[in-house]
Amino acid sequence: MAELWHGYLGPGAWIVFKILLIVVPLLLGVAYLTLAERKVLAAMQLRKGPNVVGPFGLLQPLADGLKLLLKETIIPSGANPVVFLAAPMVTFILAIVAWAVIPFDYGLVVANINVGVLYLFAISSLGVYGIIMAGWASNSKYAFLGALRSAAQMVSYEVSIGFVIISVLMCVGSLNLGDIVLAQRGLWFAIPLFPMFVVFFISALAETNRAPFDLPEAEAELVAGYNVEYSGMTFALFFLGEYANMILMSAMTSILFLGGWLPPLLIAPFTWLPGPVWFALKIALCLFVFLWVRATFPRYRYDQLMRLGWKVFLPFSLFWLVVTAGVLVAFGWAPRLAG
Amino acid sequence: MIVYAAAFYVFAAMAIASGAMVIASRNPVHSVLFLILAFFNAAGLFVLMGAEFLAMILVIVYVGAVAVLFLFVVMMLDINFAELRQGFLQYLPIGGLVGLILLVELLFVAGTWVFAPEAGQIVSDRPSGSGGTTNAHAIGLVLYTKYAYPFQLAGLVLLVAMIGAIVLTFRSRDGVRRQRVADQLARGPESAVELRKVKSGEGV
């Protein structure tokens, strides 16, 4: 019995505790990101935003959540019920699962795996399934058109994200997320790889279906796109997954380019704040830019979106990849094999 | 060890079951979804073997890109199931032959240590001194040194396939007015806007 506890149950319970420690703040963050989005947009449009429920509208996300929880889940009669219900679950689960490898401080990570970047890339490339399954299973033209657009868009921008990640990896020489952050102790990668940073951020906007690339749910032409047939908690799961993905993409941007948990300079006033706080601040900064972009830019036309992905970002990131490799080799800065 | 064995049997059983469902399910979209599940379980088996790099590449390439396009196409196709089932007996010999060849090949791979003990070296070829290196390093050490030419050859084959697909599907149409973004951006107010004095009562 003691062996069973020490061998399996004890570590298992510890892992579950760590998972809860990440998921609960994450869901709270998602809830308050929706409020922050409405507040920021309101401030940029000289409005007040939600300010009725609770002080400064702080209870608004809880009220929204309660409303969605109590609403009826309607399954259209022409829909494929299993896939229809599986789609929001897939979206939500994938958005949560990716956080397993995100390091919040040195060694503060649930699963410190060697291929952390590839894991994140794999999970984020799976996000398209929730959307395409929802569009197909709804048996509705609008939903299907939204899903097809989204699939094409996400697959296209994944390519340039992949090249950006490769150029960062070349500078680090490791696929481990902790190593990537530690490699930025002297200089954040956002400075030497600034063009790649911009490409990555714009591709992240497209990958999360955010404005100005929110074609999959373009309300002017597709009503609401892939989630038009969803209601109640199934809709809420899509919403939560989408916002959790935004936070995840911001976290990836911070880890790959903004030095993760590291303070801007390794000297006294900056080092007083602990690592996770710096990490959260960087994520918040990226999220603010997400919202800022939404308040500023009009939606792209679909062919322009594809042109940007395939004819601008893909050749450009490929070119910068070659330049980065050339510079690393020419100056002897390429990281050596550790083993 | 119990957890390890249990994980192996769960992944293996799920992989076989979903593989069977790929050919058994009536709806082609369900088939593709089961195919994705099979890929996932194969990735799980790779992780259990300690080949986490291969597992991630499998998920990224097959699930993240290939199967998405598959699903894309299958959802758009208008498939007539009754017509599809008619040819079943007609194609059974060919399908059976392909299956048999694959089975024999698998048996050959599994049986190499009997027929040619040294051939097993190919399967378990590891770079010397790869004790502390990670998966990606180990694969890179073999792929870019010993198997550099086959690797380049595989890339060339893919390039030829890509060019072939483009050549087969490309058709040039006349009279298509394309948007030239560079020209649009190069336009300045001098060429785009004209200021005219219009006398009142006359018009332009």
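For the structure, see preceding data.
This one's a predicted model, so the numbers in the text were calculated from it and none came from an experiment.

Let's talk about the overall build of chain A
Reasoning step 1: Within chain A, the regular secondary structure consists of 12 helices and 0 strands.
Reasoning step 2: Walking chain A from its N terminus toward its C terminus, one meets helices and strands in the order α-α-α-α-α-α-α-α-α-α-α-α.
Reasoning step 3: A principal-axis box enclosing the C-alpha atoms of chain A has dimensions of 60 × 60 × 45 Å.
Reasoning step 4: Per-residue burial over chain A gives 50% buried out of 339 residues.
Reasoning step 5: Excluding contacts between residues fewer than 6 apart, the proportion of contacts in chain A whose partners are at least 24 apart in sequence is 76%.

Let's talk about the interface of chain A and chain B
Reasoning step 1: In this assembly, 31 residues from chain A lie in contact with 30 residues from chain B.
Reasoning step 2: Between chain A and chain B, a total of about 2500 Å² is buried, with carbon and sulfur atoms accounting for 78% of that surface.
Reasoning step 3: For the interface between chain A and chain B, the tally reads 0 salt bridges.
Reasoning step 4: The interface formed by chain A and chain B includes 5 residue pairs in polar contact (both at pLDDT 80 or more).
Reasoning step 5: Sorting the residues of the side of chain A that touches chain B by element identifies α4 (116-137), α5 (141-172) and α12 (302-330) of chain A as the ones contributing at least two each.
Reasoning step 6: Among the elements that make up the side of chain A that touches chain B, the one with the highest residue count is α4(A) (11 residues).
Reasoning step 7: Looking at side-chain class alone, the side of chain A that touches chain B contains 21 nonpolar, 6 polar and 4 charged residues.

Examining the pattern of salt bridges
All names here are of chain B.
Reasoning step 1: A complete count under the given rule lists 7 salt bridges over all chains for this structure.
Reasoning step 2: For the salt bridge of Arg196 with Glu194, the shortest nitrogen-to-oxygen distance reads 3.4 Å.
Reasoning step 3: Its relative accessible area of 52% is what places Arg196 among the exposed residues.
Reasoning step 4: For Glu194, a relative accessible area of 60% corresponds to the exposed category.

As for a positive patch on the surface
Reasoning step 1: A cluster of basic residues, Lys311(A), Arg171(B), Arg173(B) and Arg178(B), forms a positive patch on the protein surface.
Reasoning step 2: Residue Lys311(A) is classed as exposed on the basis of its relative accessible area, which comes to 64%.

Points about the nonpolar core
Residue and element names in this part refer to chain A.
Reasoning step 1: In this structure, Tyr129, Ile165, Ile180 and Phe257 are the most contacted members of the largest nonpolar core, which totals 112 residues.
Reasoning step 2: Here this core takes 16 residues from α4, the largest share from any one element.
Reasoning step 3: When neighbours within four sequence positions are excluded, Ile165 is seen to be in contact with Val117, Phe121, Phe200, Met252 and Leu256.

A look at helix α9 (residues 232-257) of chain A
All names here are of chain A.
Reasoning step 1: Between its first and last C-alpha, α9 extends 38 Å over 26 residues, near the 38 Å set by a 1.5 Å rise per residue.
Reasoning step 2: Most of α9 is tucked away: 21 of the 26 residues are buried.
Reasoning step 3: Just downstream of α9 lies Gly259, where phi reads positive at about 75°.

Side note on the state of the cysteines
Here a disulfide denotes a covalent bond joining the sulfur atom of one cysteine to the sulfur atom of another.
Residue and element names in this part refer to chain A.
Reasoning step 1: Enumeration according to the criterion identifies 0 disulfides over all chains in this entry.
Reasoning step 2: Lacking any disulfide linkage, Cys171 is separated from the closest cysteine sulfur, that of Cys286, by 19 Å.
Reasoning step 3: Classification of Cys171 as partly exposed rests on a relative accessible area of 21%.

What about the environment of Phe46(B)?
All names here are of chain B.
Reasoning step 1: Within the secondary structure, Phe46 is located in helix α2 (residues 28-48).
Reasoning step 2: Separated by 10 residues in sequence, Phe46 and Met56 place their C-alpha atoms 9.0 Å apart.
Reasoning step 3: In contact with Phe46, not counting residues within four places along its chain, are Ala51, Glu52, Leu54, Ala55 and Leu58.

The rules behind these values
Residues numbered from 1 in each chain as written. Chains lettered and ligands numbered in written order. Predicted model: local features only at pLDDT ≥ 70, side-chain atom pairs only at ≥ 80, totals over all residues. Heavy atoms only, no water. Helix = DSSP H or I, 4+ residues; strand = E, 2+ residues; numbered from the N terminus. Buried < 20%, exposed > 50% of the residue type's maximum accessible area, 1.4 Å probe, protein only. Contact = heavy atoms within 4.5 Å. Buried area = accessible area lost by both parts, 1.4 Å probe. Salt bridge = Lys/Arg side-chain N within 4 Å of Asp/Glu carboxyl O. Polar contact = N/O pair within 3.5 Å; in protein donor to acceptor, adjacent residues only side chain to side chain. Nonpolar A, V, L, I, M, F, W, Y, C, P; charged D, E, K, R; others polar. Patch = residues over 30% accessible without salt bridge, like charges linked within 9 Å, V, L, I, M, F, W, Y side chains within 5 Å. Areas by Shrake-Rupley, 256 points an atom, 1.4 Å probe, with all protein chains shown as cover. Lys, Arg positive; Asp, Glu negative; His and termini not counted. Charge placed at Lys NZ, Arg CZ, Asp CG, Glu CD. Core = buried A, V, L, I, M, F, W, Y, C linked by side-chain atoms within 4.5 Å. Expected span 1.5 Å × (residues − 1). Disulfide = S-S within 2.5 Å.

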